[in-house]
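The primary structure of each chain is shown beneath.
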Amino acid sequence: MNAVNLLEFDLDGLTAFCEQLGEKRFRATQLFRWIHQKGAADFSQMSDLAKSLRDKLAAVAHIKPLAIASEQASTDGTIKWLFDVGGGDAVETVFIPEDDRGTLCVSSQAGCAVGCRFCSTGHQGFSRNLTTGEIVAQLWFAEHHLRRRLNLAEGERAITNVVMMGMGEPLQNYAALVPALKVMLDDHGYGLSRRRVTVSTSGMTRMIDRLREDCPVALAVSLHAPNDALRDDLVPLNRKHPIADLLQTCNRYLEAAPRDFITFEYCMLDGVNDSPEQAKELVELVRGNISCKFNLIPFNPFPASGLKRSPRERVTAFAHVLQDAGIVTTVRKTRGDDIDAACGQLAGEVQDRTRVKQRISTRAPIQIHRSAAHAGSVQKKQETKA
Ligand code: SF4
């Protein structure tokens, strides 16, 4: 019989498993705490469980960590792990320390089928969904590894925030995602508040509605464009879930959300979506329609994208238009640049089993929507790509 990986279970799942073994419910809570709060991987360590239960568990279950393929540490303290998840696939997880928090960026899929233009993961294609255990194992490893490495005192947490912004579209792996979120939120698990766990989506409206019902946490939406024409090109999923539907869905989400705003992520692409006119269009789109804040993300270039990072002054000017309209806007600091751990750079190693990569590589060059003032440089860019 194959051993069951206990990282696959939220507390309800573990309770059902323990009941199948003829154990009382409270035993599941004890076991859950050993695994997630103390980082135990060996049943013999679990001193308050009866020896008979420990033996029973050892015969049928295990706590299976992910295999570490590599670790890279940035000069700014960011750490990136590459985890081998078998079958030629590897996924990345990034720890981003700041003065008042430790954020873990977690992957949900090996690759991604959405194929956003500016995203290194998207360009790799898609292999498979991660299981709940593989999602949870990223946090389990990082939390307990960092506690030891940073010499944290008993009760101190290494990870205070989780963002589901690593490889993959988390809402395309919904069945595995929700139990994983529950483990993160559970007081017997990692006890993170709903405000400190963020699901980042490219905008799957029906699944956002489901998340609102099942497990509302903070929501970040990859917007990246002020209109459907451009967003269709940058985030292909927009053709199915256009911006008007997305905004309505976000408003419904806010009724249950732990925060009273949606974060819109906006990757700044030179000459593509970064003009002052586009900033004004964005203001018109959201002002009075949705409570939101913007996070402007400096693009992290990679060769296959054919795109460039917006110059800093252009990002600043764009931010000012939004801020002058009363919209809270931040520019994301790039972290882990020297180890390719910044946003949109996570690539892992993915066996593209769905021809996503092929589809992406054959699509037409991006349509540039911009003012005539920049027509010259656009032309140059098109020539360079050709
Ligand atoms: S930005 Fe997110 S949804 Fe888009 S391709 Fe990358 S991982 Fe997938």
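Look up a bit, the structure's there.
Residues numbered from 1 in each chain as written. Predicted model: local features only at pLDDT ≥ 70, side-chain atom pairs only at ≥ 80, totals over all residues. Heavy atoms only, no water.

Colleague: Tell me what's going on with the overall build of the protein, and back it up with residues and numbers.
Modeller: Helix and strand counts for the protein come out as 13 helices and 14 strands. Each of the 386 residues in the protein was classed as buried or not, and the buried ones make up 56%. Nonlocal contacts in the protein, meaning residues at least 24 apart in sequence, comprise 67% of its contacts between residues at least 6 apart. Taken as a whole, the protein presents about 16,800 Å² of accessible surface, with 49% of it coming from carbon and sulfur. (Helix = DSSP H or I, 4+ residues; strand = E, 2+ residues; numbered from the N terminus. Buried < 20%, exposed > 50% of the residue type's maximum accessible area, 1.4 Å probe, protein only. Contact = heavy atoms within 4.5 Å. Areas by Shrake-Rupley, 256 points an atom, 1.4 Å probe, with all protein chains shown as cover.)

Colleague: For the state of the cysteines, give the residues involved together with the corresponding values.
Modeller: Each disulfide consists of a covalent bond between the sulfur atoms of two cysteine residues. Within this structure, the stated rule accounts for zero disulfides. No disulfide involves C292; its nearest neighbouring cysteine sulfur is the one of C250, lying 9.0 Å away. Residue C292 is classed as buried on the basis of its relative accessible area of 13%. (Disulfide = S-S within 2.5 Å.)

Colleague: Kindly report on the pattern of salt bridges, identifying the contributing residues and their values.
Modeller: A full pass over the atoms with the stated rule returns 15 salt bridges. Between E134 and R128 there is a salt bridge whose closest N-O contact spans 2.8 Å. Residue class for E134 comes out buried when judged on its relative accessible area of 13%. (Salt bridge = Lys/Arg side-chain N within 4 Å of Asp/Glu carboxyl O.)

Colleague: Break down the site of the ligand for me, with residues and values.
Modeller: Inspection of the region around the ligand gives C112, V114, G115, C116, C119, G122, G168 and S202 as its neighbouring residues. Residue composition of the shell around the ligand, by class: four nonpolar, four polar and no charged. (Near = heavy atom within 4 Å. Nonpolar A, V, L, I, M, F, W, Y, C, P; charged D, E, K, R; others polar.)

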